[in-house]
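# Overview (structure and organization)
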Amino acid sequence: AAKDTDTFVVAIRAEPSTLDPHNSTALANFAVQRVVYDNLVEQNADGAIQPALAERWEVMDDLTVRFYLRDGVFFTNGEKLTAEDVRYSLERATKQRGSASMFSAFDGEKTAVVDERTIDIKMKYPFAPIYNYLASSRGNIICKKAIEEMGADKYARNPVGTGPFILEKWISGDSLVLKANKSYWGQKPAYETLIYRVITEHANRSIELETGGVQAIFDVSDNDIPRLEKNPKIKVVQGPGYKFSYITMNMSIPPYDNIKVREALTISLNMPAIVKAVYQGGAKLADSLMAPSVFGYSKVGPYAYDPERAKTLLAEAGYENGLKVTIMTNEDRNFINVAEIAQNMWKKIGVETDIQIMEQATLLSMAAEGKVTMSITSSTPTSGDPDHALMPWPSTYKSFLRIDNPKIDEFLTKGKSTYDTSERKKVYAEALAYMWTQFNMIPICFTDVVYATADNVENFECHPGNTPNLAKVTFTQK
Amino acid sequence: MKELVTVKYLKKYFSTPKGMLHAVDDVSFGIERGKTLGVVGESGCGKSTLGRVLLNLLEPTSGEVWFEGENVAAAKGKRLWELHQDMQMIFQDPYSSLNPRMSISETIAEPLQIYSVYESVRELDERVDELMDIVGLARRLYNVYPHELDGGRRQRVGIARALALNPKFIVCDEPVSALDVSIQAQIINLMQDLQEQNHLTYLFITHDLSVVRHIADDVLVMYLGQIVEQCAVEDLFLNQYHPYTKALLSAIALPRVGEQKKRIALKGEIASPINPAPGCRFAPRCMYSVEQCTVKQPQLREVAPGHFVACDFAEEIS
Amino acid sequence: MHRYVLRRVVMMIPVLLGVSLVIFTMMYFTPGDPARLILGDTASEAEVEALREEMGLNDTFIVQYSRYLKKAIAHGDLGTSYVTGRPVITEIVARFPTTMLLAMLSVIVSVLIGIPTGIISATKQYSIFDNMAMIFALLGVSMPNFWQGLILIIVFSLHLGWLPASGFYGPSYWILPALTIGTGTAATITRMTRSSMLEVIRQDYIRTARAKGQSEIVVILKHALKNALIPIITVIGLQFGRGLGGAILTESIFSIPGLGKLMVDSIKARNYPVVQGGVLFIAVMFSFINLLVDILYAYADPRIKSQYRRRS
Amino acid sequence: MNELRAHEALPESDRMVRRKKSQLRETWRRMLKNKASLVGLTIIVLFAFMAIFADHIAPYHYDEQKLEDAFLKPSRDHWLGTDNFGRDILSRIIYGARISLQIGLISVGIGVAVGGSLGAFAAYYGGYTDNAIMRFIDVLLAIPNIVLAISISAALGPGLVNAMIAVGIGTVPIYARVVRASVMTVKEQEFVEAARCIGAKTPRILLRHILPNAMAPIIVQATLGVATAILAAAGLSFIGLGIQPPTPEWGAMLSAGRQYIRDHWHIVTFPGLAIMLTIFALNLLGDGLRDALDPRLKR
Amino acid sequence: MNNATPLLHVKNLHVRYTTDEGTVHAVNGVDLVMKKGETLGLVGETGAGKTTTALSILRLIPDPPGEITSGEILFDGHDLVPYSAMKMRKVRGNHISMIFQDPMTALNPVLTIGDQISEVIRLHDRLSRSEAYGKATRMLELVGIPADRMGEYPHQFSGGMKQRVVIAIALVCNPLLLIADEPTTALDVTIQAQVLELMQNLRTELGTSMMLITHDLGVVAKICDTVAIMYAGEIVEYGTLQEVYNNTRHPYTKGLFGSIPKIDVRERRLKPIPGLMPDPTHLPQGCSFHPRCPFCTDQCRHKKPENVLLYGDHFAKCYYAEDGLQ
Ligand SMILES: Nc1ncnc2c1ncn2[C@@H]1O[C@H](COP(=O)(O)OP(=O)(O)OP(=O)(O)O)[C@@H](O)[C@H]1O
Ligand SMILES: Nc1ncnc2c1ncn2[C@@H]1O[C@H](COP(=O)(O)OP(=O)(O)OP(=O)(O)O)[C@@H](O)[C@H]1O
Ligand SMILES: [Mg+2]
Ligand SMILES: [Mg+2]
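Treat the numbers as computed from the prediction; the structure is a model and nothing was measured.

Each partner contributes to the interface: chain A provides 27 residues, whereas chain D provides 23 residues. Inspection of the chain A/chain D interface yields four salt bridges. Of the charged contacts, one joins A:Arg227 and D:Asp263 as a salt bridge, the two residues approaching to 2.7 Å between their closest N and O atoms. For the pair chain A and chain D, the interface holds six residue pairs in polar contact (both at pLDDT 80 or more). When contributions to the side of chain A that touches chain D are tallied by element, the ones reaching two or more residues are helix H6 (202-210), helix H9 (271-279), helix H11 (333-347) and strand S16 (351-357) of chain A. In terms of residue count, the dominant contributor to the side of chain A that touches chain D is H11(A) (nine residues). In terms of residue class, the side of chain A that touches chain D is made up of 11 nonpolar, eight polar and eight charged.

Next up, the structure:
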């Protein structure tokens, strides 16, 4: 790893599985995709939508938005970007398995090219989150010609985008090497080579940064933050993220169908203490059901810690002699820690907890079968849209939560279809306030995104979705 | 005279990766009640195999072993189990033939337990004591384990175990070869005494001709799985017909000054019993061998009354 | 000898079939649905079902297994990774050289440490050196690998700054992981060498060599070592074979893109084709190493060599 | 009638004092002479004692959390400090002995029972049985241990018992081979034939004659195997499988604490030391046993 | 070299092994004299200390546990006991060589026969590799094995042939003294005879003196000039073959003869020595044979008898040796 300012080495947590934006669901993929592809629009660090490949756009009707493309944009294989590429990308997004469910509101068939630089994007129903979704990783614009020539499997490792970097080398399991795109339409990167190294272990990422092996790391471990902050050679870049962690309860089975039990379980946890013990300053106590960085956030909590009342509630619900619950979680260390403390706190109100740790694969399958009674999980709405963030709430969601509340469904449908931003904000504020009273989940925290860089790294964007645009990074000369 | 054991055309082949191993190849003989038949031969000539096949510890490839009117070779399961009460074995190696995890008394009592000879523990104990007395084991050794004993005492344990069921016939597979001379003599004496007292019949395997001479009535000389000479023991020392027997006898060093015999030198060493060549098995080492010997297998024939030899030139040679 | 090698290679076939069957069965009965994992918790049952159908996961065990075998035997095709969509073979081949290198390095480290230490310990039985060496050997065996790896990183990378903490790009990167795996193995080899040497130097032919007037060093190195080597080769072979599939924890601690990590990740991701392909691949390697060990035996021990000659 | 008498006319002790001096005791005596194995034994006994009387000797309960007391350095109140939840590490190690030793013992038990009987059958019956069993063992052997353990524990689901099964099955090939080799040598010995000659049938021969004599290498292997099993279970915990919280298994403690290794060394160091010490002791014990059980070292 | 000095003179040699089970007094004051060109038979039962004596002469006692505690071993007038390891190496294989009991294990299984014979030549004669090889080949032929088998390994040889190779190794440097420790016990009768004959021939040819260790009185009668009978680490009777065999004085020696079944006369019973050899960790007081001795008296129980000189060089360690014990 070269130390000169021509090369920027960052350590990420996991290896991207693919760089085909429509077949990718892993956060790791998005980080690389961010610098390889562009979208029609993009979201700045505050979550505001800004022009990107589209210079401007206008809402034609409830189901149509017209986008005008920037001129003189070329793919890295030399092809010129056309409206057909955009149409192809979006239509493909509605079909491929990694993006279909997210793009289900888009009408790929009807979306039509107006001319070479104009496209009408169609929706199946009024869909307000459209811009956020287009700005998300699944909205990456790919080169139609390239993918048709290569085939999807090859394309996945040889992506052709319009972004500031071009993938040059991919060493399986180890790293991805990217070169600056000399003919990038926007602001060109200040350095030549960008290397993403895969370092799975938290501790190793920070060691690697401290020893100068890399110049920036993603996903700084909570307990490393204080130490890195003290290190004069290192800058910690911390800010609000999209990630929201919570304890789920399966509403379709007793005793969780009883709101008293749910409330008892919720208020018997001293959540501030838990968050402090587990996340050590890397997260903020959840005071709502989605992160503040998500559009439409409003503070509705937190719940007051009240074990006495919890006991009463349990007794009222008929569990005065105690209750046995099973909480299942994946191997995420933080989740396990939360579970262990919760177990301890629940014991004090007479709730015996059995903690079962299983792999994500098993957990998801069991959840789909409705066999998971309680779990700890998180959601990271990378689009920053409330519709995305509240995905587990509607009755169509059949996994961990299994809420079946028509009122919530109604709120969510309304929120989705309200184009007017301030109107929409209001809908969600109302919805969150109602949902908060239902005790359908026990919110834990909003995890910050924490990056750390060498002290000469500037303009490292603190992106809430963990996909900073590294093309903007510059270096101070020493 | 009635024979207690009659062996007819007994064969035992082992199949090995290199071919059929003729360990015992067409052997017939008889042992009279109360007598001892000595079997001598070099290492690997099939002596132990013969002993095992006789007791059907190894299933013979073919042939018959008649014991008191019953073919042991054909006996199976329960019947064979019953027969073993009358036919026992003493093993060559006093170290590996005793289970190191069983005390002396347990070892001796085991056959009695297996055949449920006694109903009460007391009777069993008494019999074990009696057996230990008979073979000359001090009673303080009752709970001792084999590794604490020397070879001679271990062999006594083996003998006591063989005697426990009051057998009529005992195969003694080189019971004294592993012992020092002074101990060897003690054991030989013991075995002779036991034979007299209990009218035992022995098949006594050894490679030591002096021991055969001392203990046996009749003798079989084996070479590569076959009998080459068979006669009364006195006869053998007076008059040998087979060149192998002659060589064997001449190889003995007498513990006496200036009385050494002229040794008959044998070429080479005992050959492999795997897929043996046709003709006389001894021919490659025999100083008298002629072409006929390598082609035709000599049959055992009576060259003098009660004296059988498997050599076509027996008379000429002697 | 050639025929023997050929026969051994042919003998691998049933073992490999067995391996594939065992691992296929195990994967089949492992809970967790790869389709569900790919699509996440927000996907609907219908979407998941469609994907399952597409991946062929809805077929019966027999159908799936025979399809797998047919493809593998007829086209040498072990399927494509669910995660990356690349052929399993490509995935494995990309990782294998690293793993092989790591295994080799750690065996070299352990042999360089283990054999000399073992020899000296044996010849100086009960001396201070022997006692120390045995204590170190025991510590080497007792130390959990991953723990040792972390400590090495902290000491050598962080505090001393001598060696890089992760990656596998060149000799300076190799040292710590090779040491981590190597010390445990070195301990085993030391102990094996010692006991094997102790056994050999009690033999008559060592006494014969001494009775010839041979010096002690030559007696040990020429007469004893070659005889003692046979069980040591077994241990080395076993360790090497294990290194191919088992250095998983070390690989993840040092962020080494090896086969072991791929295996674990694939099991977790229910990436069946990669798990099966990987295990088969490791089994083949393992069998080849066993074969190699047996051939080495023949070189170390003429008795075995002539056995082969006879058998073939 | 017999010559031995002259020499043995020693005072014949009475039968009433039948001393039962077995090989077991002989082995024991030799073990005690070996200082190293004595050290090993002492440590193991100590840990076993901890395991059994954990409730009485542990200063705190293993799950007693005091979040405000997290990450305390070793002190008078907490001899080995506290972990990230403010739990007393010493207490967790003491309770952990229970789990870790249990894992070690039971998974070895599984390995010995399954592998041992496979090996014994293979060796005793030989021929096709042997071939079939040993090819199966080859198959198991060719699958990397950890892959086997991971997939088994994934298949069976989480939990202490399943972790033990997963680790145990991984060791089956080793025991099968050791037992087979051992039974093969023993069954060639003459006393087995002698037993058949005095009418003993197969079960008796196997149980009374072959197995007791084939035990030595198995015992040694098992002692060392307990160590390996503890390590393997710790490895499983390390990748997130295995024991369920808040069970204080040492490997799980190590794995949970490893992110704090730089700032709070005591959280990982002590469980690590506990594992190391146990394995160290088991190895000493195993080596000692091997020497004590080796007949060649007698006389 | 003075003709009057004996080739080997062992004086009052004591060797013990220190083991967990106690101290094994393996050799307790052995005195032995061997003249040049003579063949001495060292006879005794298992555990009598024969091998230990032989190994002490070559200073090859495994140390630990073994240790020469006192005594002198004068070889050609020089005491070997204080020799340095270096000096001793020059003696071994060159002046004194040894053949071990079991030919099956005495050869290194991984080296060729040729290598093993030439090794000793190259150690003691200044010869080139090929010269040494040539000499080794001639030696191999001398013991009756064709030269083309030089490149083979021990396992390709039968027991008798291996023992011949061992003899070849021992004799190839023309040693003054050959110690043969039960060289034929492990062999078959007919092979035994072959090997013994070969040794005897070579010995006379090369003029080597030989110490033949055995427990077979027949073998001794066949090839030895003098005999030493060993019991519990002591030489209890020593003398010419004639004297010891025909004028046996020690009760143990008598017992040995009585134990051997006679081949020419058939006796009804053997007359073995009663009892067993004493435990070498707890030797009895007085004469170590007294517990088994039919002539034992009080004197025997308490005080060790000294050597009694009988006719010529014939000694016996028995109070009643002169009386003839009738
Ligand atoms: N179970 C077996 N399988 C294969 N070959 C065997 C078996 N038992 C014996 N043999 C072979 O049969 C031949 C005869 O063996 P046996 O043990 O009967 O000889 P022996 O005369 O008793 O020899 P020794 O004097 O050495 O005891 C030998 O070549 C031996 O290798
Ligand atoms: N390395 C050793 N350690 C301990 N004791 C030993 C050792 N070698 C020999 N002894 C003991 O020393 C005594 C004499 O042994 P030695 O080998 O000299 O007897 P031997 O006369 O050669 O017997 P054999 O006829 O069995 O070869 C025996 O009691 C023996 O157990
Ligand atoms: Mg035999
Ligand atoms: Mg000896």
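Turning to the pattern of salt bridges, a few remarks are in order. The final tally for this structure, using the stated rule, is 82 salt bridges over all chains. Taking the shortest distance from any N to any O, the salt bridge between B:Glu126 and B:Arg122 comes out at 3.0 Å. One end of the pair, B:Glu126, and the other, B:Arg122, are both in helix H4 (residues 121-135), four residues apart, so they sit about a helical turn from each other. The exposure class of B:Arg122 is exposed, given its relative accessible area of 59%. By sharing partners, the salt bridges in this structure join A:Glu84, A:Arg87, A:Glu91, A:Lys95, A:Glu109 and A:Lys144 into a single network.

What follows concerns the side chain of B:Thr206. Residues and elements named next belong to chain B. Positionally, Thr 206 belongs in strand S8 (residues 201-206). Judged by relative accessible area, Thr 206 falls into the buried class, the value being 2%. One polar contact links the side chain of Thr 206 to the main-chain amide nitrogen of Asp 208, over a distance of 2.9 Å. In this structure Thr 206 touches Val 39, Val 40, Gly 41, Lys 47, Glu 174, Val 211 and Val 212, once residues within four positions along its chain are discounted.

Residue and element names in this part refer to chain B. Neighbouring ligand 1 are 14 residues, the closest being Gly 44, Gly 46, Lys 47, Ser 48 and Thr 49. Residue Gly 46 places a main-chain N or O atom 3.0 Å away from an oxygen atom belonging to ligand 1. The contact in question runs from an oxygen atom of ligand 1 to an N or O atom on the side chain of Ser 48, over 2.5 Å. Here ligand 1, which alone exposes 630 Å², has 66% of that area covered by the protein. Within the residue set of the shell around ligand 1, elements represented by two or more residues are strand S2 (19-32) and helix H1 (47-54). Sort the elements by how many residues they give to the shell around ligand 1 and H1 lands first, with three residues.

Across the contact, 43 residues belong to chain E and 42 residues belong to chain B. Summing both partners gives a buried area of about 3700 Å² for chain E against chain B, and 53% of it is carried by carbon and sulfur. Summed over the three residues of chain E that lose the most area to chain B, namely E:Thr190, E:Ile263 and E:Arg266, the buried surface amounts to 20% of that side. Taken together, chain E and chain B are joined by one salt bridge. Our enumeration of links across chain E and chain B arrives at 10 residue pairs in polar contact (both at pLDDT 80 or more). Every element with two or more residues in the side of chain E that touches chain B is listed here: helix H6 (159-171), helix H7 (189-206), helix H8 (217-223), helix H9 (241-246) and helix H10 (251-259) of chain E. Top element by residues in the side of chain E that touches chain B is H7(E). It accounts for six residues. Tallied by class, the residues present in the side of chain E that touches chain B amount to 20 nonpolar, 12 polar and 11 charged.

Reading the values: the criteria
Residues numbered from 1 in each chain as written. Chains lettered and ligands numbered in written order. Predicted model: local features only at pLDDT ≥ 70, side-chain atom pairs only at ≥ 80, totals over all residues. Heavy atoms only, no water. Contact = heavy atoms within 4.5 Å. Salt bridge = Lys/Arg side-chain N within 4 Å of Asp/Glu carboxyl O. Polar contact = N/O pair within 3.5 Å; in protein donor to acceptor, adjacent residues only side chain to side chain. Helix = DSSP H or I, 4+ residues; strand = E, 2+ residues; numbered from the N terminus. Nonpolar A, V, L, I, M, F, W, Y, C, P; charged D, E, K, R; others polar. Buried < 20%, exposed > 50% of the residue type's maximum accessible area, 1.4 Å probe, protein only. Near = heavy atom within 4 Å. Areas by Shrake-Rupley, 256 points an atom, 1.4 Å probe, with all protein chains shown as cover. Buried area = accessible area lost by both parts, 1.4 Å probe.

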